[in-house]
Amino acid sequence: MTDRYDNDDLDFREVMDSSVDESPYDKNTDSSKDNTVDTTKTEKTSSDSEHKESEYEDICFMCRRPESKAGKMFHLPNNICVCPDCMHKTMDTISQFDYQNLLNNPTLMNELNKHNGMPNLGFMDFGDFGGTGGIPNSQKIKKKKEEDIKIKPEFNIENIPAPHKIKAKLDDYVIGQEKAKKIISVAVYNHYKRVKTGTMDDIEIEKSNILMIGPTGSGKTYLVKTLARLLDVPLAITDATSLTEAGYIGDDIESVVSKLLAAAGNDIDKAQQGIIFIDEIDKIAKKKNTTSRDVSGESVQQGMLKLLEGADVEVPVGASSKNAMVPMATVNTRNILFICGGAFPDLEDIIKQRLNKQTSIGFDADLKDKWDKDPDLITKVTVDDLKKFGMIPEFLGRLPIICSLKGLSKDMLVQILKEPKNAILKQYQKLLALDEVNLEFDDEALEAIAEKAMEKDTGARALRAIIEEFMLDIMYEIPKDDNIGSVTITGDYINGKGGPKIELRTTEVPKAISMKGESI
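Conventions adopted
- Residues numbered from 1 in each chain as written.
- Predicted model: local features only at pLDDT ≥ 70, side-chain atom pairs only at ≥ 80, totals over all residues.
- Heavy atoms only, no water.
- Helix = DSSP H or I, 4+ residues; strand = E, 2+ residues; numbered from the N terminus.
- Buried < 20%, exposed > 50% of the residue type's maximum accessible area, 1.4 Å probe, protein only.
- Contact = heavy atoms within 4.5 Å.
- Areas by Shrake-Rupley, 256 points an atom, 1.4 Å probe, with all protein chains shown as cover.
- Axes fitted to C-alpha atoms, helices over the stretch in contact; angles between N-to-C directions.
- Parallel < 35°, antiparallel > 145°, perpendicular 65-115°, else oblique.
- Left-handed = near helix turned anticlockwise from the far one by under 90°.
- Nonpolar A, V, L, I, M, F, W, Y, C, P; charged D, E, K, R; others polar.
- Polar contact = N/O pair within 3.5 Å; in protein donor to acceptor, adjacent residues only side chain to side chain.

**Concerning the overall build of the protein**
In terms of regular secondary structure, the protein is built from 21 helices and 15 strands. A burial count over the protein gives 36% of its 520 residues as buried. Put simply, of all contacts in the protein between residues at least 6 apart along the chain, 64% involve residues at least 24 apart. As presented, the protein carries roughly 31,200 Å² of accessible surface, and 51% of it is formed by carbon and sulfur atoms.

**Considerations on the packing of helix α19 (residues 443–456) against helix α20 (residues 461–477)**
In contact at an axis separation of 9 Å, α19 and α20 are set at 125° when each is read in the N-to-C sense. The orientation of α19 with respect to α20, classified from their angle, is oblique. Here α19 runs over α20; the crossing is right-handed. Where α19 abuts α20, its residues I449, K452, A453 and K456 lie against A462, L463, I466, I467 and F470. When grouped by side-chain class, the residues that make up the contact of α19 with α20 number 7 nonpolar, no polar and 2 charged.

**Examining the side chain of Q177**
With respect to the helices and strands, Q177 occurs in the loop between α7 (163–171) and α8 (178–197). A polar atom in the side chain of Q177 sits 3.3 Å from the backbone oxygen of S218. Those residues in contact with Q177 that sit more than four places away from it in its chain are S218, L405, K406, L408 and M412.

**As for the packing of helix α18 (residues 424–433) against α20**
Two elements in contact, α18 and α20, have axes separated by 11 Å at closest approach and are oriented at 20°. Taken together, the axis directions place α18 and α20 in an arrangement best described as roughly parallel. By crossing handedness, the relation of α18 to α20 is classed as right-handed. For the pair α18 and α20, contact is made by I424, L425, Q427, Y428, L431 and L432 and by L463, R464, I467, E468, M471 and M475, respectively. Considering only residue class, the contact of α18 with α20 consists of 9 nonpolar, 1 polar and 2 charged.

Okay, structure coming up:
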């Protein structure tokens, strides 16, 4: 029976191949030549299609997760891919309702492979979708090439440089905040020495998590992002605003570790030596005067205690929440360095209230308004002030290093405009250089921009908003005239008293014109 079936199957395939490949214009030619030519064409098209398919990741037909998230796929007939989780769940379901005793048939897979080229006779033929298992290439994710992903880092964690070298690199990008850069440099250096050595003389080195406090726009997130570019370590930057207690709508607390796992390419060993930066940590403070359950405040702090201290955590792979269709992985957070940052609004009022208790009466007394105009008041923060703000003592105990960032002064804003490697002015100069136009800013213009930024009171973020406003007309008008060679932004233009200086290529005499094209 088996031999006869195989022969019939072979004859049927030959008939199908000849009927599909036969051309109506070649009826009078030799049939053997036709079969030879058609076979080579078929082989070429199949190899081409395989090459095209290799550019895309396989996607599970059931849960729609790509290969990078779900792992190696099972390949079924008609180019249908099923991930291991869905395959196991399907087989478990079939084993409960195995009416036709299919699972006990040892030749089941042989029969399926034998009929791989046969047309489906069921209700729906998934091959009608173009041989992609019902998922077009437009919905697939292209595979990333290693040469496109790999970026040479500045440092190597196998031979981590000294703290002063790490700080020197941070100085090229971050202006000011000397104490914060020192703290982060020492913390990273000690962290990876601790990870590399493990224990020294039976003395276990505890990790030192960091709490960064500073006003908005002072460079908390930018400092950590710069460090991420310099180090060849997985770093996850997330925020605490979407975190809720387990069982409520929102991201689970373990999602911060799953983001680090994704940054490490789902490599658990590499992720267990990474850094997690949790921004907006002040948003999970205890809510005052509330009688309802605080699911996004104190409950989140309590849930993060074991995470910060070090424990085995079950995290979803490729998802932000746990569900039945997402695989789980166990990550130990003992060697993960946590850096938490937040603006902590109204914390200065709590500090003033504590400092004003020391005021007295007399000629040399400390007056109550002494701290009203102190720009560095945030640096006098203590653990008691953070407790009054709403952070629980257990949470603060697991963040032993408190790092305060100063507010930006006018001189620091001027430095931020022009000194860093990727300064805002350098970005606009590069944009106009692509149009072969030289862009310059005089000192009066830089000071005027810094003054306007100080009025907005949003830190360094105000600089780009101000420059975008004044550069809009310039970026719109300059490409119209190919004779323009250079543009100089003056203080009068920033203050609304004049226009920028335009210098043409044909003459060396600078000419000041307004944005409307009229001479001034």
